[in-house]
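Structural features, examined
The residues making up each chain are set out below.
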Amino acid sequence: MSPLPPRTRRRGPLAAPVRAARRLGEIRRTQLVTTYGVGAMIAVENESFMVRGIDSWDTSEAVTVVEPRLAQQLGVSGFRLPPAPDPTRAGDGVRATRFPLLYSCPQCGSLAPFQRFNSPAGKAECSLCSEDLVPSRFVVACENGHLDDFPYWHWVHRGTGRPSGGSCGGSLSLRTEGSTASLRGVVVSCSCGVDPVSMEGAFRRKALKDLGLGCTGRLPWLKDEPHEPCGLRPRTLQRGSSSVWFPVVHSALSIPPWSEGLAKLVSRYYDKLKDASPAGIRGFLEVEGVLRKHPEYSADEVVDLVEQWRQAGAAAEGASEGRSQSLREKLYRDEYDTLRREYPEREDSEHQDFVCEPPISSVLPLTRSHGIEQVMLLHRLREVRALESFTRVDEPSMADAPSRRARISRTPQNWLPAMEVSGEGVFVRLDEERLREWEQTPGPVSRARRVRENHQRLLDDRAGSSGTAPRSPATPRYLLLHSLAHVLINEWSLDGGYPAAALRERLYVDKDMAGILIYTATSDSAGSLGGIVAQGEPDRLATGLHSALQRSGWCSNDPLCMESEASGADGLNLAACHACLLLPETSCENNNVLLDRAALVGTPDGHTAGFFGPSGF
């Protein structure tokens, strides 16, 4: 990864100077999708940089990732792994730019744009004090994703009647007093003689509004992009706060028929075939000898499949927001139907991404009387996760207007950065007949209504004037399945030795869907050891589920946890807290909301019946 070039070099004896890129360091490819994606800040020693848009990346040698179902949902032709640059070259790979621009010197206290310190090439140090500089701790962001440096000049001159920024002719200083660790100890001053001011109060919601400042509409991760008009008031944030960058990541499982046979073969070459004519495709197949290695397929079949994928991508590019939502529902529906069927391991299993089989024992101790209808063991699965955009200040919501999703490139691209991971998992489907009977009883209906009203109010607020907010999915069925997934992840983490953050959930909830998939899909060895599949074997599943439900019957925060009228952010949970249900944010697909363990085991007073009964079974 490299930022804007700070030095020059020559190519050839008579060549003009060419700006050379400085190599900053290395991060894992997966982090460029989930942790340090476009628009996120990265601390490198005593400097801070921001990952630039994907249109600035060198993708000439990037590996193509094909997942047609997900590409159709997101309206792109395909995906690419973030480029892994050649260590011997400094100018390729993912590029970054310096942000924030304001730095301070801990010795002399000077607070100014980085360029004014005249630091030696490749360093961030004060030319007067030879001390390492410190990037500004504070930035301002708005809910539309814009980001800028904190307006220190306005802050220190507030109430003085001074005109707009910097007109006093003074220079700013920032010092940290050791008397207190609070913001009161961070003091900003100006050489014009105005009284020094601490940073206390800078994080109030109306702090910048009181200064008469609006959002500047700045997009520092998109080079030379003009500022966008924005009527929102920005918020002060810590540079390292998680609220500065929330990724909007979508994922899909590779399932048959897309993950095997001809589709698997074409996916390897699709990036080279997608823009070729039928004659060009045939020529490529002949030159590369593809069909000689795979005589079971013909050139006509390859041409037809490429055309199908090409049309699907074109249709998705013009899809509206509502259409994209329906595509996502179809994506989950296809997975749910596939997970219910058996796909045994074949002889050519090294080319097989999806292996789904029932447990060895055909007799489940968890019969219909216990509410479990089906268990399937996924010995092998592949998941593709793609970064579509990001948000700031607030976590992504299903009701977000398009303006709240920040762009990751100056102009629309036909690809998105993605990662592919392999793992294993267990699919559990509940008895739908028993479930329909339970979800119509007064207790679960009443509790779900409370959560749904709070959630719908939040969705309406996030949608604002952009249009009609989507309906909240908070139903008794959703609360039950979501809570069940969380207790099983917690239990299997204890019993199987996995860190909870290595396990993930996937919820299949609709009027005719009632299943959960708990799986490992990581880029390291934690997802390939067979431990999760072992948890799905009948005897171990019965023991694990019984233990998990017993733990759910009592929380160390009870009776407050169970009797809570609303808990969690915005009151979107009921009986759920960090001591019983909440998981690492990487494990939950819905930000740890819409949970209620009373849906599992009921309430102690008996007013609400749990799906599994008060004792767990």
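Everything below is about the structure shown above.
Residues numbered from 1 in each chain as written. Predicted model: local features only at pLDDT ≥ 70, side-chain atom pairs only at ≥ 80, totals over all residues. Heavy atoms only, no water.

**Focus: the packing of aromatic side chains**
Any two aromatic rings considered together are summarised by their centre-to-centre distance and by the angle between their planes. For clarity, the cut-off: Classification of ring pairs rests on two measures: the distance between centres of Phe, Tyr or Trp rings, Trp counted by its six-membered ring, which must be within 6.5 Å, and the angle between planes, read as stacked under 30 degrees, edge-to-face over 60 and tilted in between. Throughout this description, the term charge over a ring refers to an Arg CZ or Lys NZ atom that lies within 6 Å of the ring centre and within 35 degrees of the ring normal.
Enumeration according to the criterion identifies 15 aromatic pairs in this entry. Members of the aromatic cluster, each reached through a chain of ring pairs, are Phe138, Phe150, Tyr152, Trp155 and Phe203. Above the ring of Phe114, the side-chain terminus of Arg98 is found at 3.6 Å from the ring centroid.

**Quick notes on the nonpolar core**
Quick reminder of the rule: Take the buried residues of types Ala, Val, Leu, Ile, Met, Phe, Trp, Tyr and Cys, join any two whose side-chain atoms come within 4.5 Å, and each joined set is a nonpolar core. When accessible area is computed with a 1.4 Å probe and restricted to protein chains, residues below 20% of their type maximum are described as buried, those above 50% as exposed, and intermediate ones as partly exposed. Secondary structure elements are defined from DSSP: runs of H or I of at least 4 residues count as helices, runs of E of at least 2 residues count as strands, and each element is numbered from the N terminus. Contacts are assigned to residue pairs that have any heavy atoms within 4.5 Å of one another.
With 63 residues, the main nonpolar core has Phe79 and Tyr508 as its most contacted residues. Broken down by element, this core gets its largest block of residues, seven residues, from strand 19 (residues 372-391). If sequence neighbours within four positions are ignored, Tyr508 has contacts with Leu253, Tyr332, Glu335, Tyr336, Leu339, Phe427, Leu481, Met513, Ala514, Gly515 and Leu517. Formed by 51 residues, the second largest nonpolar core is a distinct cluster that contains Leu479, Ile532, Val533 and Leu582.

**A few points about the side chain of Glu383**
The following threshold applies: Each polar contact in these results corresponds to two N or O atoms within 3.5 Å; when the atoms are within protein, one needs to be able to donate a hydrogen and the other to accept it, and residues that are neighboring in sequence are counted only if both atoms are side-chain atoms.
Along the chain, Glu383 turns up in strand 19. The exposure class of Glu383 is buried, given its relative accessible area of 0%. There is a polar contact of 2.9 Å between the side chain of Glu383 and the side chain of Arg385. Within the structure, the side chain of Glu383 is placed 2.9 Å from the side chain of Tyr519, a separation counted as a polar contact. Filtering out sequence-adjacent residues up to four positions away, Glu383 remains in contact with Ser251, Ala252, Leu253, Met419, Glu420, Val421, Arg504, Arg506, Tyr519 and Ala521.

**As for helix 12 (residues 476-496)**
Put simply, the rule is: The length a helix should cover is 1.5 Å for every residue beyond the first.
Over its 21 residues, helix 12 runs 29 Å from end to end, which matches the ideal 30 Å to within 8%, given 1.5 Å per residue. Of all 21 residues in helix 12, 17 are buried, a share of seventy percent or more. Just beyond helix 12, the residue with positive phi is Gly497, at close to 85°.

**Notes on the environment of Gly283**
The topology assignment puts Gly283 in helix 6 (residues 278-288). Separated by 16 residues in the primary sequence, Gly283 and Ala299 place their C-alpha atoms 9.6 Å from one another.

**Examining helix 11 (residues 442-463)**
Relative to the 32 Å expected for 22 residues at 1.5 Å per residue, helix 11 spans 31 Å between its end C-alpha atoms, a close match to the ideal helical length. For helix 11, the complete set of buried residues consists of Gly443, Pro444, Arg447, Ala448, Val451, Asn454, His455, Leu459, Arg462 and Ala463. For helix 11, the secondary structure elements touched by its buried residues are helix 10 (432-438), helix 12, helix 15 (560-563) and helix 16 (598-601). Trailing helix 11 by a residue or two, Gly464 shows a phi angle of about 55°, which is positive.

**A look at the layout of surface pockets**
Condition: The rule is simple: put a 1 Å grid over the protein atoms alone, call a set of points where a 1.4 Å probe fits but cannot get out a cavity, call an open set with protein on both sides within 12 Å along at least five of seven lines a pocket, and count a residue as lining if it has an atom within 4 Å of a point. Grid points are joined across faces, edges and corners, and a volume is the space filled by probe spheres set on the points. Residues were grouped as follows: Ala, Val, Leu, Ile, Met, Phe, Trp, Tyr, Cys and Pro as nonpolar; Asp, Glu, Lys and Arg as charged; and all remaining residues, including Gly, as polar.
Computed from the structure, the second largest pocket encloses a volume of approximately 550 Å³. Surrounding the second largest pocket, 24 residues form its lining, Leu111, Ala112, Pro113, Arg116 and Leu172 being those nearest its centre. Those elements that provide at least two residues to the lining of the second largest pocket are strand 9 (110-113) and helix 3 (152-156). Looking at the lining of the second largest pocket residue by residue, the classes come out as 14 nonpolar, eight polar and two charged.

**With respect to the environment of Met41**
By the secondary structure assignment, Met41 is in strand 3 (residues 41-44). Along the backbone, Met41 and Trp245 are 204 residues apart, and their C-alpha atoms lie at a distance of 8.3 Å. With residues up to four places along the chain from it excluded, the contact list for Met41 reads Tyr36, Ser48, Phe49, Met50, Phe99, Pro100, Leu147, Arg239 and Val244.

**Some thoughts on the sheet that holds strand 16 (residues 235-238)**
Two strands in a sheet stick together by hydrogen bonds in their backbones, pointing the same way (parallel) or opposite ways (antiparallel). The cut-off we apply is this: Whether two strands pair comes down to DSSP finding at least two bridges between them. For helices, the axis comes from a line fit to the C-alpha atoms of the stretch in contact; other axes are also lines fit to C-alpha atoms, and the angle between any two N-to-C directions lies between 0 and 180 degrees.
Strand order in the open sheet made by the three strands is 12-11-16, with antiparallel pairing throughout. Either end of the sheet is taken by a strand with one partner, and the two such strands are strand 12 (147-149) and strand 16. The mean inter-strand angle of the sheet, taken between neighbouring strand axes irrespective of direction, is 40°. Taken together, the three bridges between strand 11 (residues 138-141) and strand 12 define a ladder with antiparallel strand orientation. Its bridge partner lying in strand 12, Ala141 is registered against Leu147.

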